[in-house]
Amino acid sequence: MDSLADKDHRYLWHPFTQMRDWMSEEPVIIESGQGAILRDVNGREYIDANSSIWTNLHGHQHPKITQAIKGQLDRIAHSSFLGLSNEPAIQLAEKLVAIAPRGLTRVFYSDDGSTAMEVAIKMALQYWQHRKQPQRAKFVAFADAYHGDTLGAVSVGGIDLFHSAFRPLLFDVIRVNEIAHVAQILREHRDAVAAVVIEPLVQGTAGMRLWKRGLLGELRRLCTELGALLIADEVMTGFGRTGTMFACEQEGVTPDLMAVAKGLTGGYLPLAATLTTEEIFHAFLGDYGEFKTFFHGHSYTGNQLGCAAALANLQVFEEEHTLKALQPKCDQLRAGLEAMRQFPHVGDMRHIGMIGAIELFQDVAAKEPFPLTDRMGIKVCTEMRQRGVLTRPIGNTIVLMPPYCIRDEQLERVLSVLAESVQTVP
Ligand SMILES: *Cc1c(COP(=O)(O)O)cnc(C)c1O
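Because the structure is predicted, anything quoted here is derived from the model rather than measured. (Residues numbered from 1 in each chain as written. Predicted model: local features only at pLDDT ≥ 70, side-chain atom pairs only at ≥ 80, totals over all residues. Heavy atoms only, no water.)

Draft legend 1. Local environment of the sheet that holds strand β6 (residues 173–176). Across the sheet, seven strands lie side by side as β4-β12-β11-β10-β7-β5-β6; this open sheet has mixed pairing. Of all strands in the sheet, those with a lone pairing partner are β4 (104–110) and β6, marking the two edges. Each adjacent strand pair in this sheet contributes to an overall mean axis angle of 20 degrees, direction not counted. With four bridges joining them, strand β5 (residues 138–142) and β6 adopt parallel strand pairing. Paired with F142 across the strands is V176, a residue of β6. Of the strands in this sheet, β4, β5, β7 (193–198), β10 (229–233), β11 (257–260) and β12 (272–277) are in contact with helix α6 (residues 113–130), which crosses β10 at around 175 degrees. Across the face of the sheet, helix α10 (residues 215–226) comes into contact with β5, β7 and β10 while running at roughly 170 degrees to β7. (Pairing = 2+ DSSP bridges. Helix = DSSP H or I, 4+ residues; strand = E, 2+ residues; numbered from the N terminus. Axes fitted to C-alpha atoms, helices over the stretch in contact; angles between N-to-C directions. Contact = heavy atoms within 4.5 Å.)

Draft legend 2. Geometry of α10. When the terminal C-alpha atoms of α10 are compared, their 16 Å separation across 12 residues agrees well with the 16 Å that a helix rising 1.5 Å per residue should span. Of all the residues in α10, the buried ones are L215, L216, G217, L219, R220, L222, C223 and L226. Of the surrounding elements, those touching the buried residues of α10 are β5, α9 (179–188), β7 and β10. The first or second residue beyond α10 is G227, which carries a positive phi of 85 degrees. (Expected span 1.5 Å × (residues − 1). Buried < 20%, exposed > 50% of the residue type's maximum accessible area, 1.4 Å probe, protein only.)

Draft legend 3. Layout of the sheet that holds strand β16 (residues 389–390). Spatial ordering of the open sheet is given by β1-β2-β3-β16, a layout of four strands whose pairing is mixed. The open sheet has two edge strands, β1 (30–34) and β16, and neither has a second partner. The pairing of strand β2 (residues 37–40) with strand β3 (residues 45–48) spans three bridges and is antiparallel. Of the residues in β3, the one forming a bridge with I37 is I47. Along the sheet face, helix α15 (residues 408–422) touches β2, β3 and β16 and points at about 95 degrees away from the line of β3.

Draft legend 4. Local environment of the site of the ligand. Lining the immediate surroundings of the ligand are W54, D112, G113, S114, Y146, H147, G148, E199, D233, V235, M236 and K262. S114 has a polar side-chain atom sitting 2.6 Å from an oxygen atom of the ligand. Contacts to the ligand include D233, whose side-chain N or O atom sits 2.6 Å from a nitrogen atom. Taken together, the residues that form the shell around the ligand break down as four nonpolar, four polar and four charged. (Near = heavy atom within 4 Å. Polar contact = N/O pair within 3.5 Å; in protein donor to acceptor, adjacent residues only side chain to side chain. Nonpolar A, V, L, I, M, F, W, Y, C, P; charged D, E, K, R; others polar.)

Draft legend 5. Highlighting the packing of aromatic side chains. Under the criterion given, the structure shown has 11 aromatic pairs. Considering the side-chain rings of F108 and F294, the 5.2 Å spacing of their centres and the 80 degrees angle between planes classify their relative orientation as edge-to-face. Taken together, the residues F108 in strand β4 and F294 in the loop between α11 (278–283) and α12 (304–319) connect sequence positions 186 residues apart. For F294, a relative accessible area of 14% translates into the label buried. Through successive ring pairs, a cluster of aromatic residues spans F16, Y146 and F162. Just above the ring of W128 sits the side chain of R136; from NZ or CZ to the centre is 4.6 Å. (Phe/Tyr/Trp six-rings, centres within 6.5 Å; stacked < 30°, edge-to-face > 60°. Lys NZ or Arg CZ within 6 Å of the ring centre and 35° of its normal.)

Draft legend 6. Region of the structure containing α12. Between its terminal C-alpha atoms α12 stretches 22 Å, which fits the 22 Å expected from 16 residues at 1.5 Å a residue. Counting buried positions over the 16 residues of α12 gives 12, a clear majority of the element. On the buried face of α12, the contacting elements are α4 (63–73), α5 (87–99), β4 and α13 (322–338). Structurally, the start of α12 carries an N-cap: the backbone nitrogen of L305 is 3.2 Å from a side-chain oxygen of N303. At the C-terminal side of α12, H321 shows a positive phi close to 50 degrees.

Draft legend 7. Quick look at the layout of surface pockets. When its volume is computed, the second largest pocket comes out at roughly 690 Å³. Around the second largest pocket sit 28 residues that line it, and V107, F108, M123, F281 and F294 are the ones nearest its centre. Elements with a minimum of two residues in the lining of the second largest pocket: α5, β4, β12 and α11. With five residues, β4 is the largest single contributor of residues to the lining of the second largest pocket. Residues that form the lining of the second largest pocket fall into these classes: 16 nonpolar, nine polar and three charged. (1 Å grid on protein atoms, 1.4 Å probe; cavity = no way out; pocket = protein on both sides within 12 Å on 5 of 7 lines; lining within 4 Å. Points joined across faces, edges and corners; volume = space filled by probe spheres on them.)

Draft legend 8. Inspection of the pairing of β12 at higher detail. Taking burial as the measure, the six residues of β12 include six buried ones, the bulk of the element. The alternating pattern of β12 places A272, T274 and T276 on one face and A273, L275 and T277 on the opposite face, and all of these are buried. Examined bridge by bridge, β4 and β12 share six bridges and lie antiparallel to one another. Looking across to β12, one finds that R106 is bridged to T276. Across four bridges, the pairing between β11 and β12 is antiparallel. Among the inter-strand pairings, L257 is bridged to a residue of β12, identified as T276.

Draft legend 9. Quick look at the packing of α4 against α12. Closest axis-to-axis distance for the α4/α12 pair is 8 Å, and the angle between their directions is 150 degrees. The angle between the axes of α4 and α12 places the two elements in the roughly antiparallel class. As for how α4 packs across α12, the hand of that crossing is right-handed. Contacts from K64, I65, A68, I69, Q72 and L73 in α4 reach Q304, L305, A308, A309, A312, N313, Q315, V316 and E319 in α12. Residue composition of the contact of α4 with α12, grouped by class: nine nonpolar, four polar and two charged. (Parallel < 35°, antiparallel > 145°, perpendicular 65-115°, else oblique. Left-handed = near helix turned anticlockwise from the far one by under 90°.)

Draft legend 10. Molecular detail of the packing of helix α14 (residues 376–386) against α15. Packing of α14 against α15 brings their axes to within 9 Å, and their N-to-C directions diverge by 130 degrees. Regarding the angle of α14 to α15, the classification is oblique. Taken as a pair, α14 and α15 cross one another with a handedness that is right-handed. Where α14 approaches α15, its residues V380, E383 and M384 are matched on the opposing element by V417, L418, S421 and V422. Each residue belonging to the contact of α14 with α15 can be placed in one class, and the counts come to five nonpolar, one polar and one charged.

Interpretation note: all reported values are geometric properties and have no functional meaning in isolation.
Written as structure tokens, this is what we have:
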């Protein structure tokens, strides 16, 4: 009899994974989870220190969310959103509009962060066609941005390691690296820019790089002044990750389009949404024969199970006062990471809300990075796994992004395991 591990190695292809390395190691096969804990098929327990790749908020098997999904399943799992509607999708849209930055009043569902970004990009482009300014067709995006893995999202993305192979399939984007550059581009290409795309407050996949405070607000003012739309990718930051419900709130910004996904269902089911303004929505209204329709949709758009999970997720925020309860844990995370600066090779620490990262350098003083081929981040995370803590590195950056339900002593454990593991680096 082949073991599960044998079958995994024989039949599967894992995302963002060098499969030759994968097939030479024993995989961790998860069987169950509870709160911040994941349990594998051998009964070993791990702390889920990256919230199952940034999705989980209130913990695994939260009774409220689990019950909501089970209850929905007793009625119906899925019916099409093309030509039909359903109760959880309607209730959730109302709720999202209520908590979103003021002025975002329409909700378009899709399945994951990448598709939510595709929708935002396509809406922005077609909006300008409807406004009789079809020459506004360029997108401005930041260096090292990450917006997902489908082709439109990859086009606005700027991480060469992931994206360069697909260049021939991508559309041209105006790449910028600072706000002054955006201002210059928007002035030079005054009537050519459809939208500027940004991960508000923090670039996630770039290694949890924080924008300077005020940049987002300034970007909003620039876009308004020069007529470009602003697309906020809140796929990672949405639903409390940066300490407020949405990152945009911290600078009083309402984007024209906002993508949410990962935390939307509390990490239970794939569901995403693109929120937009009444102005953009209205531009798509017209006689049938004008074909102003937004021709985009997915088989599982508005899926009832996902929407029921998302509604329960938002209910938990209210009932458990999650955002308030989170603050001391954010402080604990920051203090713990701050203390790691004392270790050799720890050259930078970055933190916002329930997101933390340390970056390792070969030579800290000279800010000389380890070559990627040294796989320092992977080595540290392997050490952490052996000590019962799961997370994934981004190059030489180790990310901690625990679920909000993590208990003080569990977070303390995560931090001490990281401290021990970092010291194993030669
Ligand atoms: C994860 C992520 C995406 C892509 O979401 P998927 O659900 O993985 O498609 C897009 N943007 C940001 C900022 C992300 O962190």
